[in-house]
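Take a look at the letters that make up each chain.
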Amino acid sequence: NLYEKIVRAKFSYDFNEIESMHLSRNANSEYKEFNIVRDGDVIIDGGSFDGTTAFDLMKAAGTDNPKTQIHSFDASLTHVKSEYKHEKIKYQEKALYDRDCKLTFHSYPGIEAAGSFVQTLAPHEVLSEMSENIVNAISIDNYRRSEKIEKIDYIKLDVEGSEAAVIRGAFETI
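**Details of the packing of aromatic side chains**
So, step 1. This model, assessed by the stated rule, comprises 2 aromatic pairs.
So, step 2. Look at Phe-55 and Tyr-84: their rings are 5.5 Å apart centre to centre, the planes differ by 50°, and that puts the pair in the tilted class. Of this pair, Phe-55 sits in helix α4 (residues 52–61) while Tyr-84 sits in the loop between β2 (69–73) and β3 (89–92), and the two are 29 residues apart along the sequence. The pair Phe-55 / Tyr-84 is uniform in exposure class, with both members buried.

**Some details on the pattern of salt bridges**
So, step 1. A complete count under the given rule lists 9 salt bridges for this structure.
So, step 2. Of the charged contacts, one joins Asp-98 and Arg-168 as a salt bridge, the two residues approaching to 3.5 Å between their closest N and O atoms. Taken together, the residues span a long stretch of sequence, with Asp-98 in the loop between β4 (95–96) and β5 (101–108) and Arg-168 in helix α7 (residues 163–168) at a distance of 70 residues.
So, step 3. Among the residues examined, Asp-98 registers a relative accessible area of 23% and is labelled partly exposed.
So, step 4. With a relative accessible area of 53%, Arg-168 lands in the exposed category.
So, step 5. By sharing partners, the salt bridges in this structure join Asp-98, Arg-99 and Arg-168 into a single network.

**Remarks on the sheet that holds β2**
So, step 1. Pairing in this open sheet of 4 strands is parallel, and the strands run β3-β2-β1-β8 from one edge to the other. The open sheet has two edge strands with one neighbour each: β3 and β8 (154–157). The mean inter-strand angle of the sheet, taken between neighbouring strand axes irrespective of direction, is 15°.
So, step 2. Where β2 lies against β3, 4 bridges are found, and the strand directions are parallel. Within the sheet, the bridge partner assigned to Ile-70 lies in β3 and is Ile-89.

**Focus: the confidence of the model for the protein**
So, step 1. Looking at the protein as a whole, the pLDDT averages 78, with 67% of positions reaching at least 70.
So, step 2. For residues 21–25, every residue scores under 50 in pLDDT, and the model assigns this stretch 10 contacts once sequence neighbours within four places are set aside.

Reading the values: the criteria
Residues numbered from 1 in each chain as written. Predicted model: local features only at pLDDT ≥ 70, side-chain atom pairs only at ≥ 80, totals over all residues. Heavy atoms only, no water. Phe/Tyr/Trp six-rings, centres within 6.5 Å; stacked < 30°, edge-to-face > 60°. Helix = DSSP H or I, 4+ residues; strand = E, 2+ residues; numbered from the N terminus. Buried < 20%, exposed > 50% of the residue type's maximum accessible area, 1.4 Å probe, protein only. Salt bridge = Lys/Arg side-chain N within 4 Å of Asp/Glu carboxyl O. Pairing = 2+ DSSP bridges. Axes fitted to C-alpha atoms, helices over the stretch in contact; angles between N-to-C directions. pLDDT = per-residue confidence, 0-100. Contact = heavy atoms within 4.5 Å.

And the structure:
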């Protein structure tokens, strides 16, 4: 199945294989159809990459509702496309983690979406090309308090292996 193909490609670091799958979706209708997000929700988007998901979530939660808020986080916002920027999306150039700190972000040249805070078991030829950057991180609980957000309705995470740490940092929020 498709899921198994994606997992195999990720573990083999065959990112060309993933690209060749030409995955398509209509996430906006999926979020609505399955009642994942509702009109007026306050949403955390952990791992925004190019902004597609934040934009889809914002549309599903209602662009006309003044309560709709999307707080989108990524270690680097250089990939956020201009067409996915909107006044209801607050992009944060920070990583989400279990505490406020600085983290070493490992990135791979030419493979923008494959960065991680987690050391990898990648083949040596991939490891030797990795670069490291120090990035600021914040917990969801601390961010919610600092922004005076009463309630988070939905948390989406795609943080390349740091999901457990991010969940620990959202203990009060969840």
